[in-house]
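The primary structure of each chain is shown beneath.
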Amino acid sequence: MTELLLRPGRMQLSDWRRVQTGRVRLKLDAPSWDAVRAARLGIEKALASGAAIYGVNTGFGKLAQTRIAAGDLARLQRNLILSHASGVGTPLADDVVRLTLALKIASLARGYSGVRPVVIERLLGLFNADVLPEIPEKGSVGASGDLAPLAHLSAVLIGEGRARLKGRTVSGADALAAAGIEPLALEAKEGLALLNGTQVSTALALAGLFAAEANLEAALIAGALSTDALKGSDTPFDPRIHAARGHCGQTETAAVLRALMVGSEIRHSHEDCPRVQDPYSVRCQPQVLGPCLDALRYAAGVFATEANAATDNPLIFDDGAVLSGGNFHAEPVAIASDLLAIAIAEIGAISERRTALLIDPALSGLPPFLVAESGLNSGFMIAQVTAAALASENKSLAHPASVDSLPTSANQEDFVSMATFAARRLGTLNANTAHILAIELLAAAEGIEFHRPLKTSRPLETAHGLIRGRVPRFGSDRFFAPAIEAVNELVQSRAFATLLAGTFALPSDGKA
């Protein structure tokens, strides 16, 4: 396990990818501690002045006009966490909780929140001991931040709630005791600072982005392999076509597809064939996957900014000002997640169409359903049905979440982002698309077999070998599902990434 230095406000997407793996220990950079102490001093001075400060010596939401006595300020913060821990549903995955913890530490350490250093020390202690608060996946509308899920995270800090430790779910108190961490007694502002923020939405969005990158890599390999299996043309990938339009993602994906097919004996064998044009799912891959790449890059930029942001309320500034605003409103994450959802769905949708081509002898020139003795054998018939079912489901999931809003807190919080769901559903979208791509990769690999002894290009032969290393050729029908899962693992683990090295850049690799 290696150490990762948290540099609040200056973290890269590649850093957050490392956090997600769980194979790092976190350390906060030295200057941040000074910023944290200065902000805490600012809060204490503001309290001493007797001024009303939202959530520090007042109630919350609709109750903001209620002043709280000085003797009740600590109880106010504890009550906030206990009352707001009202989420429901399946607990978030461990990798998302790790990201959430790290994002919360980085946000508080910007020095705008006014918490004591001990709060950050305890959060670092949780992360480094791999004590992962159990956070129900449902209950946030993405403003005022991810209140319910972050309350479940914060509950463990004070010895409440539940947590995962070494694969077991235990009480928050037992998890702290096992890790040698004392329960935290909150002081003024600290409960509010822990609960305000977009860290759960952003963690889910980052996890969705990283999985989408893996899917896009696999889509380029699958698309090129299918093109060769279908005896499709690489002419539509000619750089002159894409330069005439000018979109960056389109130009780059065309170059990748073209490079993947260089040297293919299969392509050379039909250069003079009478076919004039291929179907859109083959010919227009750059025009579809290119915008998906552009969308990934846009979303990555938004998520990178949000991951480095101070999203608490109120915020404390160097001049002593304590200002109430709305940085907890996660609309940027919601809109970017909606765009990313569309891109993920489109990657899967065009992949399913190529699988449909591969199994149709009238369009592919290959045996029906990619199997010998079709009729006796059904081959890829129902695998394509599975791909179609997943692609259809993705269409519903891609409907934008950010266009919805329901007022909360007695209409005080009257317009919300729905960012948490917008980001959370990316997990299902990506899982569906990864399986669709696995089915296409299997079908394309099978199609290549029917052109032997001709070989495809060197990188595509390597991809074919990776598939065959997990799944032997389908000479006849056999139990199919394990083959899909085996190639799905290749997709999700980015097994094809090395075949694309140097051809284009993904945001989380630190090159885009």
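Here, every reference points to the structure presented above.
Residues numbered from 1 in each chain as written. Predicted model: local features only at pLDDT ≥ 70, side-chain atom pairs only at ≥ 80, totals over all residues. Heavy atoms only, no water.

> Sorry if this is basic, but what is going on with the overall build of the chain here?
Helix and strand counts for the chain stand at 20 helices and 9 strands. Taking the principal axes of the C-alpha coordinates as reference, the chain spans close to 85 × 50 × 45 Å. Every one of the 512 residues in the chain was classed for burial, and the buried ones make up 55%. Carbon and sulfur atoms provide 55% of the accessible area of the chain, an area that totals close to 20300 Å². Looking at charge distribution, the chain has the averaged site of its 47 positive side-chain charges lying 3 Å from that of its 51 negative ones. (Helix = DSSP H or I, 4+ residues; strand = E, 2+ residues; numbered from the N terminus. Buried < 20%, exposed > 50% of the residue type's maximum accessible area, 1.4 Å probe, protein only. Areas by Shrake-Rupley, 256 points an atom, 1.4 Å probe, with all protein chains shown as cover. Lys, Arg positive; Asp, Glu negative; His and termini not counted. Charge placed at Lys NZ, Arg CZ, Asp CG, Glu CD.)

> Looking at this structure, how should I read unusual backbone geometry?
Keep in mind that most residues, glycine aside, have a negative phi and that most peptide bonds are trans. Cis geometry is found at the peptide bond from asparagine 313 to proline 314, where omega equals -5 degrees. Cis geometry marks the peptide bond from arginine 452 to proline 453, where omega comes out at 15 degrees. Mapped onto the secondary structure, proline 453 falls in the loop between α18 (419-449) and α19 (458-470). Residues other than glycine seldom take positive phi values, yet leucine 370 does so here, at roughly 60 degrees. Given the relative accessible area of 1%, leucine 370 is considered buried. Despite not being glycine, methionine 418 has its phi angle at roughly 60 degrees, a positive value. Note that methionine 418 resides in the loop between α17 (381-397) and α18.

> In this structure, what is going on with the side chain of asparagine 488? I would like to understand it.
By the element assignment, asparagine 488 lies in helix α20 (residues 481-492). Classification of asparagine 488 by relative accessible area gives buried; the value is 5%. Contacts of asparagine 488, omitting those with residues within four sequence positions, involve Ala434, His435 and Ala438. (Contact = heavy atoms within 4.5 Å.)

> Just checking my understanding: could you explain the sheet that holds strand β6 (residues 162-165) for this structure?
Sheets are built from strands paired through backbone hydrogen bonds, the pairs being either parallel or antiparallel. Strand order in the open sheet formed by 3 strands is β4-β6-β7, and the pairing between neighbours is antiparallel. Since the sheet does not close on itself, it has two edges, and those belong to β4 (132-133) and β7 (168-171), each with one partner. Inspection of the sheet shows β6 paired to β7 by 4 bridges, in the antiparallel sense. Pairing of arginine 162 across the sheet is with serine 171, part of β7. (Pairing = 2+ DSSP bridges.)

> Just checking my understanding: could you explain the packing of helix α9 (residues 199-229) against helix α15 (residues 331-359) for this structure?
Each pair of packed helices can be summarised by the angle the axes make with each other and by the distance between the axes. Two elements in contact, α9 and α15, have axes separated by 10 Å at closest approach and are oriented at 25 degrees. As summarised for this structure, α9 and α15 are arranged roughly parallel, according to the angle between their axes. Two packed elements cross with a definite hand, and for α9 against α15 that hand is left-handed. Every residue of α15 that contacts α9 at Ser201, Thr202, Ala205, Gly208, Leu209, Ala212, Asn215, Leu216, Ala219, Gly223, Ser226 and Ala229 is listed here: Val333, Ser337, Leu340, Ile344, Ile347, Arg354 and Leu358. (Axes fitted to C-alpha atoms, helices over the stretch in contact; angles between N-to-C directions. Parallel < 35°, antiparallel > 145°, perpendicular 65-115°, else oblique. Left-handed = near helix turned anticlockwise from the far one by under 90°.)

> It is not clear to me how the side chain of arginine 40 should be interpreted in this structure. Could you clarify?
Tracing the sequence through the fold places arginine 40 in helix α2 (residues 30-48). One polar contact links the side chain of arginine 40 to the main-chain carbonyl oxygen of glycine 114, over a distance of 2.8 Å. There is a polar contact of 2.7 Å between the side chain of arginine 40 and the backbone oxygen of alanine 188. Among all residues touching arginine 40, those that are not within four sequence positions of it are Gly114, Val115, Arg116, Glu187, Ala188, Lys189 and Glu190. (Polar contact = N/O pair within 3.5 Å; in protein donor to acceptor, adjacent residues only side chain to side chain.)

> Got a minute to help me understand the pairing of β6 in this structure?
In summary, the side chains of a regular strand alternate between the two faces of the sheet. Of the two faces of β6, only one is covered, namely that formed by Ala163 and Leu165; the face formed by Arg162 and Arg164 stays uncovered. Here β4 runs beside β6; their pairing, made up of 2 bridges, is antiparallel. Considered in β6, the bridge of proline 133 is made with alanine 163. A loop of 2 residues connects β6 with β7, the two strands running antiparallel in sequence, and lysine 166 in this loop sits at a positive phi of about 55 degrees.

> Please clarify how the pattern of salt bridges should be interpreted in this entry.
In this structure the tally under the stated criterion is 26 salt bridges. The salt bridge partner of glutamate 160 is arginine 78, with a shortest N-O separation of 2.8 Å. With glutamate 160 in the loop between α6 (147-157) and β6 and arginine 78 in helix α3 (residues 73-84), the pair connects residues that are 82 residues apart, well separated along the chain. Note on glutamate 160: relative accessible area 31%, which makes it partly exposed. Take arginine 78: its relative accessible area is 32%, and that puts it in the partly exposed class. Among the ionic pairs, arginine 267 bridges to aspartate 234, the shortest N-O distance being 3.0 Å. In this pair, arginine 267 is assigned in helix α12 (residues 265-269) and aspartate 234 in the loop between α9 and α10 (239-243), connecting sequence segments 33 residues apart. (Salt bridge = Lys/Arg side-chain N within 4 Å of Asp/Glu carboxyl O.)

> Is there a simple way to think about helix α4 (residues 94-108) in this case?
Three- or four-residue spacings in an α-helix give side chains the same orientation, since the helix completes a turn every 3.6 residues. Spanning 15 residues, α4 covers 21 Å between terminal C-alpha atoms, matching the ideal 21 Å at 1.5 Å per step. Counting buried positions along α4 gives 13 out of 15 residues, so the element sits mostly inside the fold. (Expected span 1.5 Å × (residues − 1).)

> Explanation requested: the nonpolar core in the structure shown.
Core analysis: the largest hydrophobic core is formed by 152 residues, its most contacted members being Trp16, Leu26, Ile120, Phe303, Leu442 and Phe496. Looking at this core, the element that brings in the most residues is α9, giving 18 residues. Beyond its immediate sequence surroundings of up to four residues, phenylalanine 303 is in contact with Thr202, Ala205, Leu206, Leu209, Val333, Ala336, Ser337 and Leu340. Grouped together as the second largest cluster of nonpolar side chains are 7 residues, Ile53, Val56, Leu73 and Ala188 included. (Core = buried A, V, L, I, M, F, W, Y, C linked by side-chain atoms within 4.5 Å.)

So far we have only geometry, and geometry alone does not tell us how the molecule works.
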